[in-house]
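# Remarks on the overall topology
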Amino acid sequence: MNIVILTGAGISAESGVPTFRAQDGLWCGHRVEDVATPEAYERNPVLVQSFYNTRRAQLREVQPNDAHHALARLERDWDGDYLLVTQNVDDLHDRARDAYPELGRRDAFAGRPGLIHMHGELLKARCTECEQVCHWRADLEVHSACVCQNGVLRPHIVWFGEMPLMMHAIERAVAQCDLFVSIGTSGAVYPAAGFVQLARAAGAETVEINLEPTVQRGLFDRGYYGLAGAQVPLFVEELLSTGL
Ligand code: OAD
């Protein structure tokens, strides 16, 4: 039995990472189009780098919560195929997985079978010319140079208008899954928001876990509503004890 899990900002909310669609319509005080598009980077690279430098530095202040830990346990104990696709650019799933060394370290940048960061990662940078990706924990400056000497380093983040990462691998897994679980995502941003329909077309059971029913509630067979830190561990216990 194959599982695909999709997570969004809601799973990291209890760790203290702000979600995107807060009531003021701003993302940490900025309009998305001012900080999360290629045009914004061209127009004002200082602002964009500084925005992501702040997000990257905030990762030092946060820890994985019970929901991240429960998913790592599920990956360890589940007998079938398991893929976790996250839209989050934080490293909280990675750190929760690190508690289980048997899950293995991730291949350099190809992504490991268990976890795909489809919208990129704050702790990586990418060359604007050769597109090589490298680990990056410090602040990025506008002129941070790549070893290729031709380009500069930008955040390894998928901005609006850019193609999410590893879409073929994700779509293949969703089309072959028996259970699709969407956790802490508003279902507002495509292509991730379309995965539930792909899973349904494949005959998979579909489950939503969220603070509240989302606009996509009608596409899910079951829903668990409340804090992810409480609901996800309950769901994982139930799944591991009763199966699909
Ligand atoms: P959103 O901010 O759109 O949605 C967060 C979801 O989490 C909402 O449905 C909330 O109800 C839910 N939520 C909040 N706190 C929760 C909690 N403690 N427990 C459970 N659920 C909770 O974030 P995403 O759906 O992840 O893309 O946004 C998708 C993409 O839009 C992001 O990856 C980002 C953004 O623009 C890029 O940057 C490319």
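For the structure, check the block above.
About the thresholds
- Residues numbered from 1 in each chain as written.
- Predicted model: local features only at pLDDT ≥ 70, side-chain atom pairs only at ≥ 80, totals over all residues.
- Heavy atoms only, no water.
- Pairing = 2+ DSSP bridges.
- Helix = DSSP H or I, 4+ residues; strand = E, 2+ residues; numbered from the N terminus.
- Axes fitted to C-alpha atoms, helices over the stretch in contact; angles between N-to-C directions.
- Contact = heavy atoms within 4.5 Å.

### Digging into the sheet that holds strand β9 (residues 222–225)
Reading across from one edge, β3-β2-β1-β7-β8-β9 is the order of the six strands in this open sheet, with parallel pairing throughout. Two strands bound the open sheet, and with one partner strand each, they are β3 (115–117) and β9. Taking each pair of neighbouring strands and ignoring which way they run, the sheet shows an average axis angle of 15 degrees. Across three bridges, the pairing between strand β2 (residues 82–86) and β3 is parallel. The partner of T86 across the bridge, within β3, is H117. Strands in contact with helix α7 (residues 167–175) are β1 (3–7), β2 and β3; relative to β2, the strand with the most contacts, it is inclined by about 130 degrees. Sitting on the sheet, helix α9 (residues 228–242) is in contact with β1, β7 (179–183), β8 (205–210) and β9, with an inclination near 135 degrees to β9.

### Things to note about the sheet that holds strand β5 (residues 133–135)
Taken in spatial order, the three strands of this open sheet run β5-β4-β6, and their pairing is antiparallel. The sheet is open, and its two borders are formed by β5 and β6 (153–157), each paired with just one other strand. Averaged over all neighbouring strand pairs, the angle between strand axes comes to 45 degrees, with direction disregarded. Running at roughly 55 degrees to β6, helix α4 (residues 45–58) makes contact with β4 (120–127) and β6 of the sheet.

Any functional reading would require information beyond the geometric quantities listed.
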